[in-house]
Amino acid sequence: MSVRRATPSRPPLTAPRGGVKRPRDDSADSRARSNSVAAATPKKRAPTPPASTPAPEAGNADANSMQAKYATMACRNLKGVMDKRAETLSTLQQLLKDTESDLMRKENEGAERVMDDLKKRDAKRASEMQEVEDLKEEKQNIVKTVIAGLTAEHEQINRDGISKQQERQFIFATGEVKQEQLMQAAVDYDRRRVLETESRERKLKEIGELKKELESVKAAHTEVSLKAQLIREETEKLRAEKDEYCKVAADWEKKKADASHGIQKNQKALNLHEEERRKLHNKIEELKGNIRVFCRIRAPLASDRDLMEFDVADGRTLNVRGKERTVLAGDNTKADDYAFKYDRVFGPAASQEDVFADVSPLVQSCLDGFKVCIFAYGQTGSGKTYTMEGPNDNKGVIPRAVNMIFQKVTKLTQERGFQCVLSCSFLEIYNDQVRDLLGAQKPGQKESGSKATDRNLKISSSSDGEITVEGLTEFSVTNQTTVGELLATAQANRCTASTKMNDMSSRSHSVFMLKIKTRNPVTGVSLSGLLNLIDLAGSEKVNASEVQGQRFKEAVAINSSLTHLGDVIHALGTGGHVPYRNCTLTRLLQTSLGGSSKCLMLVNT
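Since we're looking at a predicted model, the values are computed, not measured.

Caption draft 1: Region of interest: the overall build of the chain. Each helix and strand in the chain was counted, giving eleven helices and 16 strands. For the chain, contacts bridging at least 24 residues in sequence account for 69% of all contacts bridging at least 6.

Caption draft 2: Main features of unusual backbone geometry. In this model, Asn431 sits at a positive phi of 55°, which is unusual for a non-glycine residue. Tracing the chain through its elements places Asn431 in the loop between strand E7 (419-430) and strand E8 (433-436). By relative accessible area, which is 17% here, Asn431 ends up buried. With phi around 65°, Asp432 is a residue other than glycine that occupies positive phi space. Position of Asp432 relative to the elements: it lies in the loop between E7 and E8.

Caption draft 3: How the structure looks around helix H7 (residues 397-416). Under the 1.5 Å per step criterion, the end-to-end length of H7 is 27 Å for 20 residues, consistent within 8% with the ideal 28 Å. Every buried residue of H7 is listed here: Val397, Ile398, Pro399, Ala401, Val402, Met404, Ile405, Phe406, Val409, Leu412 and Arg416. Trailing H7 by a residue or two, Gly417 shows a phi angle of about 75°, which is positive.

Caption draft 4: How the structure looks around the confidence of the model for the chain. Per-residue pLDDT for the chain averages 78, and the proportion of residues at 70 or more is 77%. When the criterion is pLDDT under 50, residues 32-55 qualifies, and its contacts beyond four places in sequence or with other chains add up to 25 contacts. pLDDT under 50 marks residues 441-453. Its contacts with residues more than four places away, or in other chains, come to 28 contacts.

Caption draft 5: Seen up close, the pattern of salt bridges. This model, assessed by the stated rule, comprises 16 salt bridges. One salt bridge connects Glu223 with Lys227, and the closest N-O pair in it is separated by 3.6 Å. Note that Glu223 and Lys227 are positioned in helix H4 (residues 164-288) at a spacing of four residues, about one turn of the helix. Residue class for Glu223 comes out partly exposed when judged on its relative accessible area of 46%.

Caption draft 6: Layout of the pairing of strand E16 (residues 598-604). Taking burial as the measure, the seven residues of E16 include seven buried ones, the bulk of the element. Of the two faces of E16, the one carrying Lys598, Leu600, Leu602 and Asn604 and the one carrying Cys599, Met601 and Val603 are both buried. Relative to E16, strand E1 (residues 291-296) is paired through six bridges, and the arrangement is parallel. For Arg296, the partnering residue across the bridge sits in E16 and is Asn604. Bridge count for strand E6 (residues 371-378) against E16 is seven bridges, and the pairing is parallel. Bridging across to E16, Ile374 finds its partner in Leu600.

Caption draft 7: Summary view of the packing of H7 against helix H8 (residues 480-493). Direction vectors running N to C along H7 and H8 enclose 160°, while the axes themselves pass 10 Å from each other. One element, H7, and the other, H8, form an angle in the roughly antiparallel class. The hand of the H7/H8 crossing is right-handed. Contact residues: H7 offers Ile398, Pro399, Val402, Asn403 and Phe406, while H8 offers Gln480, Val483 and Leu487.

Caption draft 8: The packing of aromatic side chains, seen in detail. Under the defined criterion, the tally for this structure stands at three aromatic pairs. Taking 5.9 Å as the distance between ring centres and 70° as the angle between the ring planes, the aromatic pair formed by Phe294 and Phe346 counts as edge-to-face. Here Phe294, found in strand E1, pairs with Phe346, found in strand E5 (residues 344-346); they are 52 residues apart in sequence, far enough to count as distant. Here the aromatic rings of Tyr338 and Phe340 are separated by 6.5 Å at their centres, their planes lie at 25°, and the arrangement is stacked. Looking at Tyr338, the relative accessible area reads 42%, which means it is partly exposed. Lys255 extends its terminal NZ or CZ atom over the ring of Trp252, reaching a point 5.3 Å from the ring centre.

Cut-offs and rules
- Residues numbered from 1 in each chain as written.
- Predicted model: local features only at pLDDT ≥ 70, side-chain atom pairs only at ≥ 80, totals over all residues.
- Heavy atoms only, no water.
- Helix = DSSP H or I, 4+ residues; strand = E, 2+ residues; numbered from the N terminus.
- Contact = heavy atoms within 4.5 Å.
- Buried < 20%, exposed > 50% of the residue type's maximum accessible area, 1.4 Å probe, protein only.
- Expected span 1.5 Å × (residues − 1).
- pLDDT = per-residue confidence, 0-100.
- Salt bridge = Lys/Arg side-chain N within 4 Å of Asp/Glu carboxyl O.
- Pairing = 2+ DSSP bridges.
- Axes fitted to C-alpha atoms, helices over the stretch in contact; angles between N-to-C directions.
- Parallel < 35°, antiparallel > 145°, perpendicular 65-115°, else oblique.
- Left-handed = near helix turned anticlockwise from the far one by under 90°.
- Phe/Tyr/Trp six-rings, centres within 6.5 Å; stacked < 30°, edge-to-face > 60°.
- Lys NZ or Arg CZ within 6 Å of the ring centre and 35° of its normal.

Right, dumping it as structure tokens:
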């Protein structure tokens, strides 16, 4: 910014340039101008007026020399400033190039962020450089203004005819002012340079911090690169394992398909074999006879007296030797021998396992879809209940048959996928009436205060010829334990009484019915079998048992039903009319005695 000193207006001087002395002006205007110049000149540096006034040409030369001197000094100062500024600018540009060269090599997002920050700072530094250029231009303008001002003042002094002393004083005063202005400008420049130096140091510090941050970013990038390499290697390894697993899985799928095809083929063959086995088994059973009679001889008790001698021949014949008797023609005695033929004879030493071993094929027939009846027949006290039910530690036919059926059913469902449904019911025929042992109180003990009802269930036949008992409780069973609990309940509800021949004589026929329905999902063949396990009440001689009243009525009903059962079995063996309707027992078992049904009579003696 240029400073121009205001001077009072005065008429121009027209003094000649060539050696003509200017006349002295002692006018008031001249004195006033002299006083104003003297007032403008600082007192501390006011020069002593010379003894004589030099020529105007010498004054002009001194003024020009002084002006050139100040201009030269100003130019030198500006040149030094410009050199230092150029050096600083070169250093900053070199530092900027090095920084940009380092930042150009960054390969991650952190380096890019640093580059963005440096670019922003470069823009800021460019603006600061622009400020320096502006300051330089301002200094040049100041110098030009000073030179122009000095020149204009010199010309004005020449034009106004100011004396040499006054001009020198004015020039000195003006030069000092200009010098102060230049010094102030230098101070301002130094202050700005200090600020710029501090700013540069601050920027260098920031750049150092950015370099450290960049190094940490590089280290993190290196660590991430190593991890990425490990992940890539692990990925390749997993991909190779996946390919291997896929190959193994494909092999397994192929083997599975082959195995499935083989299983289907084997399943088809197994179904054909099962059908063939069922037919062959049924053929064998038919050859043995759809109606068979087994005989089981119980071990003698300590209370038995006058037993006849017997022996078992070839497992089918029971030879009995009668008591000796006296022949009337002489004194000789004679004993009658009897031979009884059965399908199987079990001696006293035969175990429950031995008996069930010959009974189990009939249980298999039930699983094959046939109706089966197994009777336990004999006098009261002959061991029928023991044979059919047995104690807990030596179970009889019924629990063993149930166990066998559930084992077979489990195998069919788990190994071959069959669908099996089992249900059971338990009833007794008391005085030719049907009573539910699983849905009623224990009957027949009215004298002892029993709460049993005398409800007689009705027997009816459906349109397809099946025999049903209306109102009979039927339980769906899935395990042997449930069946055992039902058998215990039925045994507790069964009608028993004490007679002279047996303390716990059964006064009714018990019938345990187990229905088995199976379906082969492959062939769609469904089978329905029925297993009837009948514990017949013991036949007894009324004279021997000495029963009376209700017990006599029960004995008559028992003997009558046994007779009718014998008639039905005899008619089935010989052909002709079969009198099923003569009693409730044969009516109930009508569909399980004839045709393809299997019937086994276990005679206990």
